[in-house]
There are 2 protein chains.
Amino acid sequence: MKASIVTIGDEILIGQIINTNSAWIALRLNSIGIKVHRMLSIGDSREEIIRCLDQEFASVDLIITTGGLGPTSDDITKQTLTEYFGTHLVFNSEAYKDVEAFFTARGLPLTEANRQQAMLPENALSLPNPEGTARGMWFTDGNRQLISLPGVPFEMEVIMENEVLPRLERMYASGALVHRTVMTAGIGESFLADKIAEWEKNLPPHFKLAYLPSPGVVRLRLSASGYDAAALNAEVNNLVEELQKIIPEYIFSLEDEPLPKAIGRMLLARKATLCTAESCTGGYIAHLITTIPGSSQYYKGSVVSYANEIKENLLGVSNNLLHEYGAVSRPVVEAMAAGARNLLKTDYAIAVSGIAGPDGGTVEKPVGLTWIAIAGPEGIVSTEFRLGNRRERNIQRAAVAALNELRKIIQ
Amino acid sequence: MKASIVTIGDEILIGQIINTNSAWIALRLNSIGIKVHRMLSIGDSREEIIRCLDQEFASVDLIITTGGLGPTSDDITKQTLTEYFGTHLVFNSEAYKDVEAFFTARGLPLTEANRQQAMLPENALSLPNPEGTARGMWFTDGNRQLISLPGVPFEMEVIMENEVLPRLERMYASGALVHRTVMTAGIGESFLADKIAEWEKNLPPHFKLAYLPSPGVVRLRLSASGYDAAALNAEVNNLVEELQKIIPEYIFSLEDEPLPKAIGRMLLARKATLCTAESCTGGYIAHLITTIPGSSQYYKGSVVSYANEIKENLLGVSNNLLHEYGAVSRPVVEAMAAGARNLLKTDYAIAVSGIAGPDGGTVEKPVGLTWIAIAGPEGIVSTEFRLGNRRERNIQRAAVAALNELRKIIQ
């Protein structure tokens, strides 16, 4: 099974937006055994959309498009696809209720342009969008299928996860299909691949392994296809047990859950509380922790001490330490962790201080240098990290590394 | 003049790499008046490359490719293009000297595979690569031109800047293409479209308007094509001035910059400092502010007061207020803002308290209810927002709304 991914929108062609949707969709399709043949980005033009579909359907039976479903006049994907598949737009009362509810919940009036979002092609499956007003559409014409999704990444992603992937999996998996995700942190994709090369090489032929990397975390997704789900599950269990023996220190979960959620689980099990003291990560660790529903059960808060005076006045880091060692140093990050634990009265405290860049680096302390400390009932552990040159990436990597340092202590 | 951009490489099709080259090239081509017709990503396959070039040359006279120029066996772009343009590979002694120098400088031995990098198509212009061993190649066949560049971004970029863009500019300097971005916040895409419908309808035919929405912010991009860049710029200026009269309260910048960057600019201009006190946003506002390089010049830090005791103990919110009104209320969020401004000694303080969900909502205070306060030298302003049901989205929207509330005061 092969698919093409088509992103529609002038904003991509002028280079104002980097197309991340295609890579996201490709990873997900790959994980259920669908290969991506080509990716295309085209403009908001009826002729270009039609020409592109003709070309792609010559090679593949499945096309996924994103973009052009908004309520404004430059959004022409819905009309063009409706025409392409020889159907027409009809009023969908379910979709209308959703659009109405969407605006009511936000206390906003419903405009005529928004009402149009409930006009959907008669002969296409409409795919609910819990995050927006543009439903996805699934057109079928003989063997040919086209799935049209909104261009806003989180809207596209939720429709893919809820509606598209489960259906595709049912359609193209002949027998049983079993997936298992093993979450790893603290090791890069290529090093991980080296460490488990033997194990990977010995996977039975009906198994497939995918590496899904994100900053600081690599998800290993094991997929097995066959006829007997119970037998497949047993096989998967054995393989995962073997894997746990090879890389025990990097695995933080056998469920598909983000690191902050796994940490929340561990803290709850220990009835322990957490706070953070952040300098270079600027609140990003607190954000990662508080994206998890229910995090208020174990997370009390953070002091983002961006200025040194906040480190001194709130966290009680002594002026002497700051002067003698500098803000990015083991003594200061340890004092930050101890100070935060004391101030916010928690069992554990994470502290981070580093040079995110692009400025502020020196020969001795280059951009990317980051100190992380974990204070807990058993004392303080601190570690030095040398990250990269890019500010945003350094913030991300430092935050995930800090969570992983805590995980090593409480797991 | 129109061009297509083709990225060649299996790693893109499996979603492992996000294609940033296409956007980079598109921005640069646009800046010299060349419009991008389509972007494609295809695999390392001779047949796919040939099919793709045939398709694109049916619509454009210029194709820029990246990728597939490395020394390993999966890199087949050079051979395929040489065949496509009916020429053959010859030894290029200049290129060989460069390859030799490249390895000598790094103290590495020269392998046979590396020597092959000096074999280049006879009838193509070869483009020196100061950052690597794969030269760019510029094929010409009648009106058709194809420029092949390495896939490593910094190698591609240096060849574009040094060799490709100056030549293209000399060749195609006839037309002009002008873009202008107007950044708006605090109004949804469809409401914005309603407000500026008349203005949009009266745009001259050589103008195009695009709405680029992201959470809380809508970018309006105006593009004009013609022959005289100065005249186009004057026209754009007039249209933007008209727009500013229609929606002055929503426009925060006439540059393509994120809201936290615009706020940083405004604070620096006022020599003012900022801090934050975050409950439901859990550090996300601090994160948005500190993604901007140099934010330490105006941003001092944050108290993420996730637990009520932190609101009391650090921010000095009285226990009475918390009991009488609840944490999500005007009196408490105002006390948080005043407390943070006092504690962190800044000119302005942003405070947010809300119910992000999914739990914690009541009939009186449903999920999505969010209070935002801005404390400044002139006093405290607070506003109630009713956001949606999804936790992550509520955090994002509350953070952007909070930044926008500050913007309204300091702009």
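Here the structure is a predicted model, which is why all the values come from computation and not from measurement.

*Asks:* Is there a simple way to explain unusual backbone geometry in this structure?
*Replies:* The bulk of non-glycine residues show a negative phi, and the bulk of peptide bonds are trans. Residues and elements named next belong to chain A. For the peptide bond that leads from Gly-357 to Pro-358, omega is 0°, which places it in the cis range. One can find Pro-358 in the loop between strand S15 (348-354) and strand S16 (369-376). Even without being glycine, Lys-345 reaches a positive phi, approximately 55°. Among the structural elements, Lys-345 can be located in the loop between helix H15 (330-344) and S15.

*Asks:* Sorry, what's going on with the pattern of salt bridges here?
*Replies:* When their charged atoms lie close together, side chains carrying opposite charge are able to pair. Residues and elements named next belong to chain A. For the structure shown, the criterion picks out 33 salt bridges over all chains. With a closest N to O distance of 4.0 Å, Arg-330 and Glu-334 form a salt bridge. Taken together, the residues Arg-330 and Glu-334, both in helix H15 and four residues apart, mark about one turn of the helix. Because the salt bridges share partners, they merge into one network encompassing Arg-46, Glu-47 and Glu-83.

*Asks:* Got a minute to help me understand the sheet that holds strand S15 (residues 348-354) of chain B in this structure?
*Replies:* Across a sheet, paired strands are connected by hydrogen bonds in the backbone, their directions being either parallel or antiparallel. Reading across the sheet, the 10 strands line up as S17(A)-S16(A)-S15(A)-S13(A)-S14(A)-S14(B)-S13(B)-S15(B)-S16(B)-S17(B) and stay open at both edges, with mixed pairing between neighbours. Two strands lie at the open edges of the sheet, namely strand S17 (379-386) of chain A together with strand S17 (379-386) of chain B, each paired on one side alone. Shown here is a sheet whose adjacent strand axes are inclined to one another by a mean of 15°, direction ignored. Sheet topology places strand S14 (residues 299-305) of chain A next to strand S14 (residues 299-305) of chain B; five bridges connect them, and they run antiparallel. From the neighbouring strand, Val-304 of chain A faces S14 of chain B, where its bridge partner is Ser-302 of chain B. Sheet strands touched by helix H16 (residues 391-410) of chain A: strand S13 (274-278), S15, S16 and S17 of chain A. Its angle to S16 of chain A, the strand with the most contacts, is close to 30°.

*Asks:* Teacher, can you tell me more about empty space enclosed by the protein here?
*Replies:* To find the voids left in a structure, one rolls a probe of water-molecule size over its atoms. What the rule picks out here adds up to four cavities of 30 Å³ or more. Computed from the structure, the largest cavity encloses a volume of approximately 140 Å³. In terms of lining residues, the largest cavity is bounded by 17 residues, among which Asn-19 and Ser-41 of chain A together with Asn-19, Ser-22 and Ser-41 of chain B are the most central. Elements supplying a minimum of two residues to the lining of the largest cavity: helix H2 (21-31) and strand S2 (35-42) of chain A together with helix H2 (21-31) and strand S2 (35-42) of chain B.

*Asks:* Even after reading the chapter, I still don't get a nonpolar patch on the surface, so can you show me in this structure?
*Replies:* Residue and element names in this part refer to chain A. On the surface, a nonpolar cluster with roughly 260 Å² of combined accessible area is contributed by Met-1, Met-171 and Tyr-172. Relative to the helices and strands, Tyr-172 resides in helix H7 (residues 153-172). Look at Tyr-172 and you get partly exposed, because its relative accessible area is 32%.

*Asks:* I'm lost on the domain arrangement of chain A in this one. Help?
*Replies:* Residue and element names in this part refer to chain A. Partitioning chain A into structural domains gives domain 1 (2-172), domain 2 (176-253) and domain 3 (259-410). Put simply, the middle of domain 2 and the middle of domain 3, counted by C-alpha atoms, are 31 Å apart. Residue-level contacts link 10 residues of domain 2 with nine residues of domain 3. Across the domain 2/domain 3 interface, buried area totals approximately 670 Å², and carbon plus sulfur atoms make up 60% of it. Counting the surface domain 2 buries against domain 3, the share from its top three residues, Ala-185, Pro-215 and Phe-252, is 67%.

Reading the values: rules and limits
Residues numbered from 1 in each chain as written. Chains lettered and ligands numbered in written order. Predicted model: local features only at pLDDT ≥ 70, side-chain atom pairs only at ≥ 80, totals over all residues. Heavy atoms only, no water. Helix = DSSP H or I, 4+ residues; strand = E, 2+ residues; numbered from the N terminus. Salt bridge = Lys/Arg side-chain N within 4 Å of Asp/Glu carboxyl O. Pairing = 2+ DSSP bridges. Axes fitted to C-alpha atoms, helices over the stretch in contact; angles between N-to-C directions. Contact = heavy atoms within 4.5 Å. 1 Å grid on protein atoms, 1.4 Å probe; cavity = no way out; pocket = protein on both sides within 12 Å on 5 of 7 lines; lining within 4 Å. Points joined across faces, edges and corners; volume = space filled by probe spheres on them. Patch = residues over 30% accessible without salt bridge, like charges linked within 9 Å, V, L, I, M, F, W, Y side chains within 5 Å. Areas by Shrake-Rupley, 256 points an atom, 1.4 Å probe, with all protein chains shown as cover. Buried < 20%, exposed > 50% of the residue type's maximum accessible area, 1.4 Å probe, protein only. Domains from an automatic or database assignment. Buried area = accessible area lost by both parts, 1.4 Å probe.

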